[in-house]
Amino acid sequence: MSPAFAVFEPYSDAEAVWDYLEGRFGMARSAFQGYRLWQRGRGKTVWILPEPVEPPADLKVEWAGLPVMRQPLPRGFPTNAFLRRFGDRATRNVFDVDWETALGLMYDHQIEAEALEAKGGPYVIRSSVSPLGRGWVRKGRLLLETPKGWAAQLLPPAELSELSPDSG
């Protein structure tokens, strides 16, 4: 049977993930009280589910919960989905941007920015409305990793700016 349909098990290296999130983003462990990490068989993706929810042991499912990382540490880093959901809990390695900048980043524009840490790495990008997801500083430019489907779902920029939370 394909490993894609293996049974989920509690993630054995959960402490390393919590340590990484706290060290990289300042996300306190207490912010994840009531959550548990899971892995499907020998798959690479680490998933998060609220307790007491557990993936069914007698039913092989393809996914459960929200993917935290697509591959384990040390090479893995948080998914966009995870940072959109939990990025408001970050206190380090965060770019807080205004609404207009957020719109530009969502439309795949880049802005000038200096890395917040010498070694670089992923960043949380947030607007006044919500976390936007994972960003990177490449060659002095901040970019947001936008999901492929976003461009097709977003309104034209002129219509979107009318919905700005700053437009009152």
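For the structure given in this document, a descriptive report is provided here. Quick caveat, the model's predicted, so the values are computed rather than measured.

1. Quick word on the overall build of the protein
A count of helices and strands for the protein gives five helices and nine strands. Counting from the amino terminus, the protein carries its helices and strands in the arrangement β-α-β-β-β-α-β-α-β-β-β-β-α-α. Per-residue burial for the protein yields a buried fraction of 39% across its 168 residues. Expressed as a percentage of contacts within the protein between residues at least 6 apart in sequence, the contacts between residues at least 24 apart total 59%.

2. Side note on the sheet that holds strand β5 (residues 94-96)
What the five strands build is an open sheet, ordered β5-β7-β8-β9-β6; its pairing is mixed. The open sheet has two edge strands with one neighbour each: β5 and β6 (111-112). In this structure, strand β7 (residues 123-126) lies alongside strand β8 (residues 131-138), joined through four bridges in antiparallel fashion. Residue pairing in the sheet places arginine 126 in a bridge with proline 131 of β8.

3. Thoughts on the environment of arginine 141
Secondary-structure assignment places arginine 141 in strand β9 (residues 141-144). Accessibility expressed as a relative area gives 29% for arginine 141, which makes it partly exposed. In this structure, the C-alpha to C-alpha distance between arginine 141 and alanine 113, residues 28 residues apart in sequence, is 5.2 Å.

4. Regarding the pairing of strand β3 (residues 46-50)
Counted residue by residue, β3 has four buried out of five residues, so it is predominantly covered. Relative to β3, strand β2 (residues 35-40) is paired through five bridges, and the arrangement is antiparallel. What sits directly across from leucine 37, in β3, is isoleucine 48. Between β2 and the antiparallel strand that follows it, β3, lie five residues; glycine 41 among them carries a positive phi value of about 55°. As defined by bridge partners, β3 adjoins strand β4 (residues 66-69) across three bridges and the pair is classed as antiparallel. Residue valine 46 lies in a different strand from β4, and its bridge partner there is methionine 69.

5. Focus on the pattern of salt bridges
The final tally for this structure, using the stated rule, is six salt bridges. Glutamate 22 serves as the salt-bridge partner of arginine 29, at 3.6 Å between the closest nitrogen and oxygen.

6. Brief notes about unusual backbone geometry
Between glutamate 51 and proline 52 the backbone carries a cis peptide bond, its omega angle lying at 5°. The residue proline 52 is located in the loop between β3 and β4 in this model. In this chain, leucine 73 is followed by proline 74 through a cis amide linkage whose omega measures 10°. If you check the backbone angles, asparagine 93 has positive phi at about 55° while not being a glycine.

7. Some words on the sheet that holds strand β1 (residues 8-10)
With antiparallel pairing, the four strands of this open sheet are ordered in space as β1-β2-β3-β4. Each end of this open sheet is capped by a strand with a single partner; those strands are β1 and β4. Neighbouring strand axes in the sheet, compared pairwise and without regard to direction, differ in orientation by 45° on average. Examined bridge by bridge, β1 and β2 share three bridges and lie antiparallel to one another. Paired with phenylalanine 8 across the two strands is arginine 40, which belongs to β2.

8. A word on the nonpolar core
Grouped together as the largest cluster of nonpolar side chains are 20 residues, with contacts concentrated most on Leu21, Met27, Phe32, Leu37, Ile48, Val68 and Phe82. Sorting the residues of this core by element identifies α1 (14-25), β3, β4 and α2 (80-86) as the ones contributing at least two each. When residues of this core are assigned to their parent elements, the largest contribution, six residues, is made by α1. Leaving out residues up to four positions away in the same chain, isoleucine 48 has contacts with Trp18, Phe32, Tyr35, Arg36, Leu37, Gly65, Leu66, Val68, Phe82 and Phe86. Within the second largest apolar cluster, 14 residues are counted, among which are Val97, Trp99, Leu105 and Leu142.

Analysis parameters
The residue numbering used here restarts from 1 in each chain and proceeds along that chain's sequence as written. Reporting in this predicted model follows two pLDDT cut-offs: at least 70 for local features of residues, and 80 or more for side-chain atom pairs to be given and counted; totals over whole chains, interfaces and linings ignore these cut-offs and use all residues. Only hydrogens and water are removed before side-chain values are computed, so all heavy atoms of the structure are retained for them. Strands here are runs of E lasting at least two residues and helices are runs of H or I lasting at least four, both read from the DSSP assignment and numbered beginning at the N terminus. A 1.4 Å probe rolled over the protein chains alone gives each residue an accessible area, and that area as a share of the maximum for its type sets the label: buried under 20%, exposed over 50%, partly exposed in between. Any two residues having at least one pair of non-hydrogen atoms within 4.5 Å are treated as being in contact. Note: two strands are recorded as paired if DSSP finds a minimum of 2 bridges between them. Put simply, a salt bridge is a Lys or Arg side-chain nitrogen that is within 4 Å of an Asp or Glu carboxyl oxygen. Lines fitted to C-alpha atoms define the axes, with helix axes restricted to the stretch in contact, and inter-axis angles between N-to-C directions lie between 0 and 180 degrees. We call a set of buried residues a nonpolar core when its members are Ala, Val, Leu, Ile, Met, Phe, Trp, Tyr or Cys and they connect through side-chain atoms within 4.5 Å of each other.

Take it as geometry only, folks, not as evidence of what the structure does.
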